[in-house]
Amino acid sequence: MKILMKIAGCMLVFISFSCPADNKVKWGYEGDIGPSSWGNLSQEFAVCQTGQKQAPIDIPAISATTSGASIQTNYKPAQAEIVNNGHTIQINLTNGEGANLNGVDFKILQFHLHTPGEEKVDGTTYPLNAHLVHKNSDGKFAVIGIFFKEGTENASLKSIFSVMPAHEGQQSLNENFDASDLLPDTLSYYQYEGSLTTPGCTEGVTFYILKKPVEMSTAQLNQFKKIFPMNARPVMPLNGRTITQHD
Ligand SMILES: [Zn+2]
């Protein structure tokens, strides 16, 4: 009876808003909660379906026009919390400083990983990518994307992968983490206007996708895939967006 009342109470709240005992709408990357259904799973996810500037995209590198300033980073070693949120491994950084993007200072909040890489370049897919999520003082988001290809073991991922939780949960990293250790040696990029690539797919996010991939070992890739075999949203229509690039 007690359980029934709880369910009934929850249902009532659910009709008007959502169940407080489980207010997270379940979404995923496959089946009827997969990307093509996200927009229908919740009103708060509607823009996943209706949005016109959604991410990721297949970057038409050939037609990208040159514009923008060089990326200036001033990341510093920061306290890192490694979270398995059920959708990815996300590394939350406290006081990791940030980057200057086209004259505006952004602070890094977190980075997380997708396999296969979410953005494509002229149809080419990478096995994995990182999205470094930044926010400025106006609350605007900017993401620096880093592609990973298979090759030499990646030292900065190694520290994370040695403690990343296989199931939902979190783990602090013993040593500080420096986001600059993730970067390739050149920061030339493609720039586009997009959205969060997970529900609610909020738009107004500027992406700086670094052209030069970095390396990770096949063993590292498999280690991530063991937890998340596939956590990439398919590419979304350009809808007339222009892509710029900077070398
Ligand atoms: Zn992402």
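Above this text sits the structure in question.
Residues numbered from 1 in each chain as written. Predicted model: local features only at pLDDT ≥ 70, side-chain atom pairs only at ≥ 80, totals over all residues. Heavy atoms only, no water.

Draft legend 1. Expanded view of the nonpolar core. Counting residues in each nonpolar core, the largest one holds 39 residues, and the members touching the most others are Leu93, Leu132, Ile144, Ile146 and Phe148. Contacts of Leu132, omitting those with residues within four sequence positions, involve Tyr75, Ile108, Gln110, Phe111, Ala142, Val143, Ile144, Ile146 and Leu182. Counting residues in hydrophobic clusters, the runner-up holds 16 residues, among them Ala61, Val121, Tyr190 and Ile209. (Core = buried A, V, L, I, M, F, W, Y, C linked by side-chain atoms within 4.5 Å. Buried < 20%, exposed > 50% of the residue type's maximum accessible area, 1.4 Å probe, protein only. Contact = heavy atoms within 4.5 Å.)

Draft legend 2. A look at the state of the cysteines. Enumeration over the complete set of coordinates arrives at 1 disulfide. The side chain of Cys48 participates in a disulfide bridge whose partner is Cys201; the two sulfur atoms lie 2.1 Å from each other. Disulfide Cys48-Cys201: the torsion about the S-S bond is 90°, which places it as right-handed. In this pair, Cys48 is assigned in helix α3 (residues 47-50) and Cys201 in the loop between β12 (189-195) and β13 (203-210), connecting sequence segments 153 residues apart. The exposure class assigned to Cys201 is buried, which follows from its relative accessible area of 0%. (Disulfide = S-S within 2.5 Å. Helix = DSSP H or I, 4+ residues; strand = E, 2+ residues; numbered from the N terminus.)

Draft legend 3. Just the packing of aromatic side chains, in detail. Tallied over the full model, the rule gives 9 aromatic pairs. Consider the rings of Tyr126 and Phe147, whose centres lie 4.3 Å apart with planes at 20°: the pair is stacked. One end of the pair, Tyr126, is in the loop between β8 (120-121) and β9 (128-135); the other, Phe147, is in strand β10 (residues 141-150), and 21 residues separate them in sequence. On the accessibility criterion, Tyr126 (18% relative accessible area) is buried. Ring centres 4.8 Å apart and planes at 10° place the aromatic pair Tyr192 and Phe207 in the stacked group. Placement of the pair is Tyr192 in strand β12 and Phe207 in strand β13, with a sequence separation of 15 residues. The exposure class of Tyr192 is buried, given its relative accessible area of 1%. Look at Phe207 and you get buried, because its relative accessible area is 2%. Here the aromatic residues Trp27, Tyr29 and Trp38 are joined through ring pairs into a cluster of three or more. (Phe/Tyr/Trp six-rings, centres within 6.5 Å; stacked < 30°, edge-to-face > 60°.)

Draft legend 4. Unusual backbone geometry, seen in detail. Following Thr115, the chain continues into Pro116 via a peptide bond in cis, with omega recorded as -10°. Secondary-structure assignment places Pro116 in the loop between β7 (104-114) and β8. Of note, the bond from Pro199 into Gly200 is cis; its omega dihedral lies within 30 degrees of zero at 0°. Tracing the chain through its elements places Gly200 in the loop between β12 and β13. Although it is not a glycine, Asn102 sits at a positive phi angle of roughly 50°. As for its position among the elements, Asn102 is in the loop between β6 (98-101) and β7.

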